[in-house]
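Take a look at the letters that make up each chain.
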Amino acid sequence: MSTVGNSTNIFWQESPVGKLERQKLLHQKSCVVWITGLSGSGKSTLACSLSRELFTRGNLSYVLDGDNLRHGLNQDLGFKAEDRTENIRRVGEVAKLFADAGLICIASLISPYRKDRDSCRAMLPDANFIEVFMNMPLTLCEERDPKGLYKLARAGKIKGFTGIDDPYEPPLNCEIEIKQKAGVCPTPGAMVGEVVTYLEEKGYLQHQ
Ligand SMILES: Nc1ncnc2c1ncn2[C@@H]1O[C@H](COP(=O)(O)OS(=O)(=O)O)[C@@H](OP(=O)(O)O)[C@H]1O
Ligand SMILES: Nc1ncnc2c1ncn2[C@@H]1O[C@H](COP(=O)(O)OP(=O)(O)O)[C@@H](O)[C@H]1O
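Everything numeric in this text was worked out from a predicted model, so none of it was measured.

So, how was this worked out
Residues numbered from 1 in each chain as written. Chains lettered and ligands numbered in written order. Predicted model: local features only at pLDDT ≥ 70, side-chain atom pairs only at ≥ 80, totals over all residues. Heavy atoms only, no water. Helix = DSSP H or I, 4+ residues; strand = E, 2+ residues; numbered from the N terminus. Rg over C-alpha atoms; globule rule 2.2 N^0.38 Å. Buried < 20%, exposed > 50% of the residue type's maximum accessible area, 1.4 Å probe, protein only. Contact = heavy atoms within 4.5 Å. Areas by Shrake-Rupley, 256 points an atom, 1.4 Å probe, with all protein chains shown as cover. Lys, Arg positive; Asp, Glu negative; His and termini not counted. Charge placed at Lys NZ, Arg CZ, Asp CG, Glu CD. Salt bridge = Lys/Arg side-chain N within 4 Å of Asp/Glu carboxyl O. Phe/Tyr/Trp six-rings, centres within 6.5 Å; stacked < 30°, edge-to-face > 60°.

A. Just the overall build of the protein, in detail. What the protein contains, in helices and strands, is 8 helices and 7 strands. Its C-alpha atoms give the protein a radius of gyration of 18 Å, within 12% of the compact-globule value 17 Å for 208 residues. With the C-alpha coordinates aligned to their principal axes, the bounding extent of the protein is approximately 55 × 45 × 30 Å. Burial status across the protein gives 42% buried among its 208 residues. A separation of at least 24 residues holds for 74% of the contacts in the protein among residues at least 6 apart in sequence. Accessible surface for the protein amounts to roughly 11300 Å². Of this, 57% is attributable to carbon and sulfur atoms. For the protein, the separation between the mean place of its 26 positive charges and that of its 26 negative charges on side chains is 2 Å.

Listed below in structure tokens is the structure:
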């Protein structure tokens, strides 16, 4: 019997099927691929393209996108610092469950605060947390501005917009950094290739 937070008199229920059995069934080693970066840096593009490529290769993944989760699980959260922290904590816990289920969980959120990302890393046993930093300049993200949010932020119509009047703390030692080469952004395919190569080299994509 234990107490966790406000939950008292709770008991952990073991599953009759273990994580190793689920991973063996899926021919893969589960993990969390955590994609962080400014709005417009390419997080969702990488997450979706990566998920498709893994599926094509016979590996099962699932995308947890910040925008999407804010339509449901996190619809009660805004963008003040403590709400972003709670957002990342919740997504970290969900990602941990997906990894325990044997999947390659691809989380795609701005996740601006280093301490929050590091807390998610600490949640994952066996260090199966792969931080991918979308290191794109603010100028590029603002040029792209597919949702027009940077324009609204610049006009003062959105307060506390990441990169404009809210902080983003870049990773100090991420596993993968996606960045421009000679001022040119890699294609979505090249971005996917960098991540798949890493996953293969580290043994996450065991073939039949
Ligand atoms: N104030 C503010 N700052 C940053 N982003 C904002 C804000 N308001 C709305 N949006 C939209 O919300 C998306 C980011 O949600 P996240 O859950 O990834 O953010 S966070 O991790 O909690 O910081 C983000 O989506 P992406 O563009 O895909 O990153 C924005 O479209
Ligand atoms: N590697 C890339 N090369 C060219 N355009 C890209 C690339 N990645 C993303 N984009 C474009 O940039 C915009 C923002 O991408 P998106 O994935 O929505 O970013 P985020 O999820 O970080 O907000 C979209 O219009 C998308 O098509």
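B. Representation of the pattern of salt bridges in the model. Enumeration according to the criterion identifies 15 salt bridges in this entry. Between Lys 80 and Asp 83 there is a salt bridge, with the nearest N and O atoms lying 3.4 Å from each other. On the accessibility criterion, Lys 80 (47% relative accessible area) is partly exposed. Classification of Asp 83 as buried rests on a relative accessible area of 13%.

C. The packing of aromatic side chains, seen in detail. Taken as a whole, this structure holds 4 aromatic pairs when the rule is applied. Here the aromatic rings of Phe 133 and Tyr 168 are separated by 6.0 Å at their centres, their planes lie at 20°, and the arrangement is stacked. With Phe 133 in strand β6 (residues 129–135) and Tyr 168 in the loop between α7 (149–154) and β7 (176–179), this pair connects stretches of sequence that are 35 residues apart. On the basis of relative accessible area, Phe 133 is assigned to the buried category, the value being 8%. Look at Tyr 168 and you get buried, because its relative accessible area is 16%. Aromatic side chains Tyr 150 and Phe 161 sit 5.0 Å apart centroid to centroid with 75° between the ring planes, which places their arrangement in the edge-to-face category. Highlighted residues: Tyr 150 in helix α7 and Phe 161 in the loop between α7 and β7, separated in sequence by 11 residues. Each of the two residues, Tyr 150 as well as Phe 161, counts as buried.

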